[in-house]
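Here's the letter readout for the chains.
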Amino acid sequence: GDAAWVLETGRRRPVALLRAEVVAVDVLSKERGDDSRDFKSIISFYSRFSDHNDEISYETVALDYCNVLSMEQIRDQHVVLVCEEIGQKSSGTDTATVDGGGGAVAINTIDGEWFAEEPVERVVSLNAVIFHVPSRQ
């Protein structure tokens, strides 16, 4: 069956304390059949001021294929996430693809028949993602 998403517990959880909210990031991973892992990050926004004393108010945003390495606060309304995105590309091409487990590996065909897989190399890129916290964008 499909592997389950597992919380990555062996690392520090990025947290930012803004004027009205607390922002925290959790990274989940899932094993694939080829000894590699898929990642996704869940960003949680917790309100610091709630009308209900006994209930925590929060929202979440998921970033697929993103392994958040760190988070920094910019003033009171923005955070910057440094994300590692892991993809793959076939040798001899300049195009990298992120595979969600559905098999994005390029395949050679001769007369419509499967012939052989091209060598695939792992591609890692670092990206900065800026979030406007009040709008969650």
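Keep in mind that this is a model prediction, so the values were computed, not measured. (Residues numbered from 1 in each chain as written. Predicted model: local features only at pLDDT ≥ 70, side-chain atom pairs only at ≥ 80, totals over all residues. Heavy atoms only, no water.)

Undergrad: Help me understand the nonpolar core, please; the structure alone is not making it clear to me.
TA: For soluble globular proteins, the rule of thumb is that nonpolar side chains tend to be buried together. With 19 residues, the main nonpolar core has Val 23, Ile 43, Leu 81 and Phe 131 as its most contacted residues. Of all the secondary-structure elements, those providing two or more residues to this core are β3 (21-31), β4 (37-47), β5 (58-64), β6 (66-74) and β7 (78-90). By residue number, the principal contributor to this core is β7, which donates four residues. The contact partners of Phe 131, leaving out residues within four places of it in the chain, are Ile 43, Phe 45, Val 61, Leu 63, Gln 77, His 78, Val 79, Leu 81, Arg 136 and Gln 137. (Core = buried A, V, L, I, M, F, W, Y, C linked by side-chain atoms within 4.5 Å. Buried < 20%, exposed > 50% of the residue type's maximum accessible area, 1.4 Å probe, protein only. Helix = DSSP H or I, 4+ residues; strand = E, 2+ residues; numbered from the N terminus. Contact = heavy atoms within 4.5 Å.)

Undergrad: Help me understand the packing of aromatic side chains, please; the structure alone is not making it clear to me.
TA: For any pair of aromatic rings, the description consists of the separation of the ring centres together with the inter-plane angle of the planes. Taken as a whole and judged by the stated rule, the model has two aromatic pairs. The interplanar angle of 55° and the centroid separation of 6.3 Å between the aromatic rings of Phe 45 and Phe 131 together place this pair among those described as tilted. Taken together, the residues Phe 45 in strand β4 and Phe 131 in strand β10 (residues 120-132) connect sequence positions 86 residues apart. Residues Phe 45 and Phe 131 agree in their burial class; the two are buried. Centroid distance Tyr 46 to Tyr 58: 5.5 Å. Interplanar angle 35°. Geometry classified as tilted. Of this pair, Tyr 46 sits in strand β4 while Tyr 58 sits in strand β5, and the two are 12 residues apart along the sequence. Residue classification places Tyr 46 among the partly exposed residues on the basis of a relative accessible area of 25%. When the ring centre of Phe 45 is taken as reference, the NZ or CZ atom of Arg 136 above it lies at 4.2 Å. (Phe/Tyr/Trp six-rings, centres within 6.5 Å; stacked < 30°, edge-to-face > 60°. Lys NZ or Arg CZ within 6 Å of the ring centre and 35° of its normal.)

Undergrad: Help me understand the pattern of salt bridges in this model?
TA: Close approach of charged atoms allows side chains of opposite charge to pair. Under the counting rule described, the total for this entry stands at six salt bridges. Residue Glu 8 is joined to Arg 11 by a salt bridge in which the shortest nitrogen-to-oxygen separation is 3.7 Å. Residue classification places Glu 8 among the partly exposed positions, given a relative accessible area of 25%. Taking the shortest distance from any N to any O, the salt bridge between Glu 31 and Arg 37 comes out at 3.4 Å. Residue classification places Glu 31 among the exposed positions, given a relative accessible area of 54%. Relative accessible area serves as the criterion here: at 31%, Arg 37 is assigned to the partly exposed category. One connected set of salt bridges, linked through shared partners, spans Glu 21, Glu 59 and Arg 136. (Salt bridge = Lys/Arg side-chain N within 4 Å of Asp/Glu carboxyl O.)

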